[in-house]
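Structural features, examined
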Amino acid sequence: MKLDLDFIRSQYPVFKNPETTRWAMFENAGGSYVPSQVADRLLNFFQFTKVQPYGPFEASIAAGEAMDEGYQAIAGLLGCDADELTLGPSTSMNTYVLAQAARPTLKPGDEIVVTNQDHEANIGCWRRLTETGAIIKEWRIDPQTGELSITDLKALLSDKTRLVCFTLCSNIVGTINDFKTICKMAHAVGALAIGDGVSFAPHQALDVNASGLDIYLFSTYKTFGPHLGIMWAKPAVLDTLEPQGHYFNRELPHYNFNPAGPLHAEIAATAGIGAYIDAVYDHHFTDEEPNLHTRAKAVFDLFSQHETHHANRILDAIRAIPGSRIIGQNHAETGSRAATIAFTVNGMTAQNVVDRLVQKEIAVRNGDFYAVRCLEGLGIKDIEDGIIRISLVHYNSEQDVNRLVEGLGALPATR
Ligand SMILES: Cc1ncc(COP(=O)(O)O)c(C=O)c1O
């Protein structure tokens, strides 16, 4: 079975607007488009229920119910209980708060493993915990491939390791890290495994309870939803952390690790992600399937198949550019490489490449994408110019990819 792209694109208001459809959108890892199921809920909340939720009057009751639907949808997608979720303003804020919550659990000499592959959101907040006397151990990428080796991790772990903080998929390298093995290794020394799924979640449906992770984070604004950061944590792990919300809200599970307070309309709009997955499932499958996570799994399998096919067309086109360097694997296999593709071209600045593609209404960007340590580890000299990143998701069409491949093919001739 193949993904019905006409159906998929019909769900997105952006593809109905002649101005926006001119663009072939390949900056999805920066922020994805939203389907009408999400946009409608956001608008509806602002138009009709924009009041303090969970009160006694009609609009307030409706607002609370809409938010509850949001929590339930995310829980359904991840296969967890809604009480295990924190819906904060962003993943950077969630990791920051999490690090504060973990601070009292650490003592001098405890060790924290961080990578240099991650986005800074899952590095800097942990590095700051050296103030407690904790020691940072850096799990470094291979300077050529950008990949992390499990053997290197083994050498960093000890009975002093308390936290292993890593990414399921880097926003630069694109390799899906072997997170189940990493979690097992962390647990074998008594450490917690904290996984950043921001660049993973748009491509695969994770069953958090089967993942091995203790804490999983991702951002809905890159996963077809509103601007929020989602944090799931095992209840037993949450109990060991110091709540960071108001003391009188301790009994409210969504508030303990979100001192910013819930963003009402955005939380309500996340229900639209679940509704979108439902619509895609119902369009492609006839089997009755009541479980949202199982439906999401089937839908994301279709997404991955589509993305992998097109990722390989793009990787082939980049390989054909003289002087190109692809970061990470130069061939995509479903489950081992996300369609987030970073590269450089010898003799051209990244900005120059991007300018040429943007002139052709192909939306891409260059820079460090807040993964400065990763770029340094890869030996990229000019970090500000950085790398060129092309990131596709399931709604990218054959025509989008044709235009991109053509644009990439024209690069050396126009240098
Ligand atoms: C892999 C990865 N992790 C974390 C983040 C930070 O997410 P947020 O913008 O929600 O703080 C990003 C954002 O680009 C990212 O790509």
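Since the model is a prediction, treat every value here as computed from it, not as a measurement. (Residues numbered from 1 in each chain as written. Predicted model: local features only at pLDDT ≥ 70, side-chain atom pairs only at ≥ 80, totals over all residues.)

1. Focus: the domain arrangement of the chain
Note on interface size: it is often stated as the accessible area lost on association of the parts. By the assigned domains, the chain splits into domain 1 (5-34 + 292-414) and domain 2 (41-273). Look at where the C-alpha atoms of domain 1 and domain 2 centre, and you get two points 25 Å apart. Between domain 1 and domain 2, the residue contacts involve 35 residues of the former and 35 residues of the latter. Those elements that place two or more of their residues in the side of domain 1 that touches domain 2 are α12 (292-319), β10 (340-345) and α14 (372-377). Looking at side-chain class alone, the side of domain 1 that touches domain 2 contains 19 nonpolar, 12 polar and four charged residues. (Domains from an automatic or database assignment. Contact = placed C-beta atoms within 7 Å. Helix = DSSP H or I, 4+ residues; strand = E, 2+ residues; numbered from the N terminus. Nonpolar A, V, L, I, M, F, W, Y, C, P; charged D, E, K, R; others polar.)

2. Focus on the sheet that holds strand β2 (residues 85-88)
What links the strands of a sheet is backbone hydrogen bonding, and the strands pair in either a parallel or an antiparallel sense. The strand order across the open sheet built from seven strands is β2-β8-β7-β6-β5-β3-β4, with neighbouring strands paired in mixed fashion. At either end of the open sheet lies a strand with only one pairing partner, and these are β2 and β4 (135-139). Adjacent strand axes in the sheet meet at a mean angle of 15°, parallel and antiparallel pairs treated alike. Summarising the sheet, strand β3 (residues 111-115) and strand β5 (residues 161-167) pair through four bridges and their orientation is parallel. Paired with V114 across the strands is C165, a residue of β5. On top of the sheet, helix α4 (residues 58-78) reaches β2 and β8 (229-233); it is set at about 120° to β2, its chief contact. In this fold helix α5 (residues 91-102) packs onto β2, β5, β6 (192-196), β7 (215-219) and β8, with an angle of close to 155° to the strand it touches most, β7. (Pairing = 2+ DSSP bridges. Axes fitted to C-alpha atoms, helices over the stretch in contact; angles between N-to-C directions.)

3. Quick look at the site of the ligand
The environment of the ligand is made up of 13 residues, and the closest members are S90, S92, H119, N171 and V198. For the shell around the ligand, the class distribution of residues is three nonpolar, nine polar and one charged. (Near = placed C-beta within 6 Å.)

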